[in-house]
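Summary of structural features
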Amino acid sequence: MSILNTLMGKVLKTGQGRFRAWMGTLGLGIAALLVLAAVQLQSNFNELLKSKENRDTNTQFLVINRQLNSNNLNETALREEELLALKKLPQVAAVGVVQPGYFKASISSNSERFPFYTEVSFESVPNEFLDQIPEKWDWQEADEYVPVIIPTMYLDVYNFQFALAQQLPQLTPEIVKMVNFTILIRSSKGEMQMKGRVAGFSDRIQSLLVPDSFMQWCNNRFAVENKKQPARVIIKTHDAAAPELSQFLAKNQLTADKEKTRFSRYRQVVNWVAGAAGLSGIFMLV
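This write-up is about the structure you can find in this document. All figures in this text were calculated on a predicted structure; none of them were measured in a lab. (Residues numbered from 1 in each chain as written. Predicted model: local features only at pLDDT ≥ 70, side-chain atom pairs only at ≥ 80, totals over all residues. Heavy atoms only, no water.)

Points about helix α5 (residues 152–166)
Given a rise of 1.5 Å per residue, 15 residues ought to cover 21 Å, and the 20 Å separating the end C-alpha atoms of α5 matches this to within 8%. By the burial criterion, the buried members of α5 are Leu155, Tyr158, Asn159 and Ala163. Buried positions along α5 lie against β7 (145–151), α6 (173–178) and β9 (190–202). Directly beyond the C-terminal end of α5, a positive phi value near 55° is found at glutamine 167. (Helix = DSSP H or I, 4+ residues; strand = E, 2+ residues; numbered from the N terminus. Expected span 1.5 Å × (residues − 1). Buried < 20%, exposed > 50% of the residue type's maximum accessible area, 1.4 Å probe, protein only. Contact = heavy atoms within 4.5 Å.)

Here is the structure:
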């Protein structure tokens, strides 16, 4: 061993030996930096996606439906096996049916100051998927009013587009909640008028929502077709940007809000870059 140490010392004292020693030290430093950079990159990206602040945002709720094309027009119902497979994904914590109304409906204003009339379609979701549950949300047949949740986007469109163009007064959420309107439900089985009132607003689901109990009552009374498979579901996911979830949706020709799943593509790039950096660093260390 002492002879080997002596020989190595002589080699390193030569010009070529010192150059190799410096190059080895530089390579070791670069390798260590690559490995640390790969670890730090993954850590930062996971913190971005999985921090408490981001877990509590709306990106953790996705409304899923089939991609519509010329081959599946009027055949967009989700199959039972697709729903079962979706529930088994490790990233999916819960799946709720977005229940549509199988009847025609319209709403009209009772106020001369804010006159309006429009055809509408109602949907309902389980309470656990709502942004927040308004007061008196559990509807019963004896109730005077039907509570309705409207998308916040609808109010923004009215205030900053329609109202300005038509010289109409802008409305705050508090004023909207004070406006009563008439709901007209009709089908071949008959029609019925009810009183309605806006109970809250949603940033999560872009449709007019009514309580599940009201939707079931209306469908039982006015629907003219047998119960169908749902065309839309809402999921609660631990990781809306998981590549596995995006791959499942693409494989089954399903789609969700692309704005909420945009990090999936970024994560694949980050994984590739971090993996390449990590492997390069380990190779250089060896």
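So, next bit.
Describing the packing of aromatic side chains
Scanning all chains against the criterion turns up 5 aromatic pairs. Centre to centre, the rings of phenylalanine 61 and phenylalanine 129 are 6.4 Å apart; their planes meet at 90°, and the pair counts as edge-to-face. One end of the pair, phenylalanine 61, is in strand β1 (residues 61–66); the other, phenylalanine 129, is in the loop between β6 (122–124) and β7, with 68 residues separating them in the sequence. With relative accessibility at 10%, the residue phenylalanine 61 sits in the buried group. What makes phenylalanine 129 buried here is its relative accessible area of 2%. Note on tryptophan 139 and phenylalanine 214: the rings are 5.0 Å apart at their centroids and 80° apart in plane angle, and the pair reads as edge-to-face. Taken as a pair, tryptophan 139 in the loop between β6 and β7 and phenylalanine 214 in helix α7 (residues 212–222) lie far apart in primary sequence, 75 residues in all. Judged by its relative accessible area of 7%, tryptophan 139 is buried. Of the residues examined, phenylalanine 214 reaches a relative accessible area of 0% and is grouped as buried. Through a chain of ring-to-ring contacts, three or more aromatic side chains come together here, namely Trp139, Phe214, Trp217 and Phe222. (Phe/Tyr/Trp six-rings, centres within 6.5 Å; stacked < 30°, edge-to-face > 60°.)

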